[in-house]
Structure formats: structure tokens, C-alpha cells
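# What the coordinates show
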Amino acid sequence: MENRKKLLIQWLGVILGVGLLCGGASYFANWKFAPAMAPEQGEGIPLPVIMYHNVLPEGQGELGDYVVSASELEGDLSYLQDCGYETVTPSEVYDAVRGVGKLPEKPVMLTFDDGFESMEQVVLPLLSKYDAKAAAALVGEYTDFYSGDVPKALSYSHTSWEQAGILADSGLVEIANHSYSMHGLDSRQGMRRMPGESESAYRRALADDLLLMQEKCRDHLGKEPRALCYPYGFYTEESEKTAKELGFCLTFTCEQGVNFLTNSKDCLFGLKRNNRPHGADRAEFFQNLGIAPA
């Protein structure tokens, strides 16, 4: 709470420099890659990130662009394994970049947005079966709501904090911040700046929301997320600055493409993700990201 007070005071005064990001001003000044992170052919280590949302057993809900079947996810996990790819978490990527860990030869990241209940009921057992890891981006107000005595159905329910704790304690899932209450398409449009909103008011609103979610995760899960997944992928220059100043180590958008991890201080911000829709040709989808059998 003391840190939160200090940060809120900062929004009223001067804006801190990027030097506070993930450990202090000396971090980027002394940036060095570990040998395992040496750039490949001048462009860096490729990191494809696959984005999922809800995952349902066959016959338990309508499938679409943001809802895939359990068998589709299992097929994806098997395909990645057959192609020699190993799943990594946001923290593992961050640690490797800062030289205190190593990435596998072929890293890939799986993210699951919105914290649907299927993450604990359907996804976690499949991750365990394939010894795979993932990030679950939770929306705080959804998690609060479904922690209460409310109607639930796998097709639409989100995790409770108890279920989020099961995910976090599994060793296979890292929790990410997906905002506390900015996952909406109202006047703000996710984390965008509202018309007529001053920069200081905008950044204060972002800070309040993100810090509340960090506090909720700390209270319920014992740990604050390192990664921020922007709702709908909407981000701004100011939101990136704010995320860095609040201590986030990675940010994720919904822009498509493959990321390349280099010695640039910005390589972990604005990371691209590729939505995996229902019905997509698996081989074509992954091969477009450079993922193919050896």
C-alpha cells in the first residue's frame, strides 16, 4: 500500500523516467545479453505468441474466433511438441533477456485472455498432459464477480480467485494483468485515452486500475503479475510509459506477427500475439508463424 501511495503522488507531479522499469535505472544502462540470448542472423531470437480465449469441450458451447474446442487445443499442443517447440512463460522470457535464465532452442508462448473458468477446468489438465506452460490474463472485476455466489456455466463463466490460485500454484500457469475494470468497449475503448481526457488524468486512471489489479493479485495469489496484456490489444504511447513506470516487465498487444528478442530495451514491450480461431487449418496457421515440423 505504501508503494501505491508513492506512485499516486508521482502521477500528480513529475513523470518518472523509464529507468524505474523492472529493477532500476542501471538495468538498461548495463543491458547485456546472456550467451543463450545472442541474436540470430542479426534479428534476434524468434518468439511466436499464440493467443487463446475460451476453450470448451465439444458440444458445450458455440465455437468461433475466440472460442476453440478442447480437441483443437490438444491438437495444437501436440503439433508444437512434434515440431520441437517448448512453451515458456513471460517471466522465463524476461529472465532470459536479463541474463539470469535460458530459453529453449525453439520457444513459443501461449496466452489465454480474460480468465475464463475453462482455464482451470479444461486447459490446465491439457497443459499437465503435455507438460506445457501458459499465461492466463485475468480481468479483476470478472474474477471478483465469479468469486461470489452467482450462476455459472463453463461457456461463459470466469475463474474465481480460488481457481486462479489453483492455476498459479500449478507451476504451469503464470498470471498476467488484463486490467481490473478496463476490459470494455465503452467511451474509453479498453485502455485507450478518452476524447477530451488530459494526459495526466489518463495516466492516473490507468495507474489506479492497474495498481488495483496488482493489489488484488498480491492479496489473493501472493504475487503481483509481471506481464500486462492490453484489453483488445488497444495501447498507446502513454500506456506503455505507464506500464514501465509501474514495474511491468512485458506488455502484450493483439498485433499479429512474430517477436524477435534482441538487446533492445524495448523488445519486451508491445509484444505481438496471434489469435487462434476455431476451424483454422492447424498446419497453415502455425507455418505462417514459422512453426513447422523439422
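Coordinates for the structure precede this section.
Residues numbered from 1 in each chain as written. Predicted model: local features only at pLDDT ≥ 70, side-chain atom pairs only at ≥ 80, totals over all residues. Heavy atoms only, no water.

Helix and strand counts for the protein stand at ten helices and twelve strands. Across the 294 residues in the protein, those meeting the buried criterion constitute 54%. A fraction of 68% describes how many contacts in the protein between residues 6 or more apart in sequence connect residues 24 or more apart. (Helix = DSSP H or I, 4+ residues; strand = E, 2+ residues; numbered from the N terminus. Buried < 20%, exposed > 50% of the residue type's maximum accessible area, 1.4 Å probe, protein only. Contact = heavy atoms within 4.5 Å.)

Further remarks concern the pairing of strand S2 (residues 49-52). Taking every second residue as pointing to the same face, both faces of S2 are buried, with Val49 and Met51 on one and Ile50 and Tyr52 on the other. Sheet topology places S2 next to strand S6 (residues 107-113); four bridges connect them, and they run parallel. Note that in S6 the partner of valine 49 across the bridge is methionine 109. Alignment of S2 against strand S12 (residues 274-275), held across two bridges, turns out to be parallel. If you follow isoleucine 50 over to S12, its bridge partner there is asparagine 274. (Pairing = 2+ DSSP bridges.)

Any aromatic ring pair is given by two values, namely how distant the centres are and how the planes are angled relative to each other. Inspection of every chain in the model, using the stated rule, returns six aromatic pairs. Ring geometry for phenylalanine 285 versus phenylalanine 286: centroids 5.1 Å apart, planes at 85°, classification edge-to-face. Put simply, the rings of Tyr79, Phe285 and Phe286 pair up and form one aromatic cluster. Between arginine 192 and the ring centre of phenylalanine 234, over which it is positioned, the NZ or CZ distance is 3.7 Å. Lying over the aromatic face of phenylalanine 269, lysine 244 brings its terminal NZ or CZ to 4.9 Å of the ring centre. (Phe/Tyr/Trp six-rings, centres within 6.5 Å; stacked < 30°, edge-to-face > 60°. Lys NZ or Arg CZ within 6 Å of the ring centre and 35° of its normal.)

This next bit is on the nonpolar core. The nonpolar side chains of a soluble globular protein tend to be buried with one another. If you look at the biggest cluster of nonpolar residues, it comprises 43 residues, and the most contacted ones within it are Phe112, Met119, Val173 and Ile291. With seven residues, the single largest contributor to this core is helix H5 (residues 118-130). One finds Leu47, Ala137, Ala176 and Phe252 within the second-largest nonpolar core, a separate group that totals 22 residues. (Core = buried A, V, L, I, M, F, W, Y, C linked by side-chain atoms within 4.5 Å.)

Take helix H4 (residues 90-97) next. With seven of eight residues buried, H4 is to be regarded as a mostly interior element. The set of residues buried in H4 consists of Pro90, Ser91, Val93, Tyr94, Asp95, Ala96 and Val97. Phi for glycine 99, located one or two positions after H4, is positive at around 85°.

So, on to the packing of H5 against helix H7 (residues 161-169). One way to put it is that H5 packs onto H7 with a least axis distance of 9 Å and a crossing angle of 25°. With respect to H7, the axis of H5 lies roughly parallel. Crossing angle aside, the handedness with which H5 passes H7 is left-handed. Residue-level inspection shows Met119, Glu120, Gln121 and Leu124 of H5 in contact with H7, the latter providing Gln163, Ile166 and Leu167. Class assignment for the residues of the contact of H5 with H7 results in four nonpolar, two polar and one charged. (Axes fitted to C-alpha atoms, helices over the stretch in contact; angles between N-to-C directions. Parallel < 35°, antiparallel > 145°, perpendicular 65-115°, else oblique. Left-handed = near helix turned anticlockwise from the far one by under 90°. Nonpolar A, V, L, I, M, F, W, Y, C, P; charged D, E, K, R; others polar.)

What follows concerns the packing of helix H8 (residues 199-221) against helix H9 (residues 237-245). Look at H8 against H9: their axes get within 10 Å of each other, and the N-to-C directions meet at 50°. If you check the angle between H8 and H9, you find them oblique. Our pair here, H8 against H9, has a crossing hand that is right-handed. For the pair H8 and H9, the contacting residues are Glu199, Tyr202, Arg203, Leu206 and Ala207 in the first and Glu238, Ser239, Lys241, Thr242 and Glu245 in the second. Partitioning the contact of H8 with H9 into residue classes produces three nonpolar, two polar and five charged.

Attention now goes to the side chain of glutamate 117. Its location among the elements puts glutamate 117 in the loop between S6 and H5. Notably, glutamate 117 is buried but unbridged: the nearest opposite-charge side chain belongs to lysine 152, and the N-O separation is 5.0 Å. (Lys, Arg positive; Asp, Glu negative; His and termini not counted. Salt bridge = Lys/Arg side-chain N within 4 Å of Asp/Glu carboxyl O.)

Another point: the environment of cysteine 254. Within the fold, cysteine 254 resides in the loop between strand S10 (250-252) and strand S11 (259-261). Placed 204 residues apart in sequence, cysteine 254 and isoleucine 50 show a C-alpha to C-alpha distance of 10.0 Å. Apart from residues lying up to four places away in sequence, cysteine 254 is in contact with Met51, Tyr232, Gly233 and Arg273.

Our next topic: the side chain of threonine 143. Within the fold, threonine 143 resides in helix H6 (residues 140-145). Each residue touching threonine 143, except ones within four places of it in the same chain, is listed here: Leu138, Thr159, Ser160 and Trp161.

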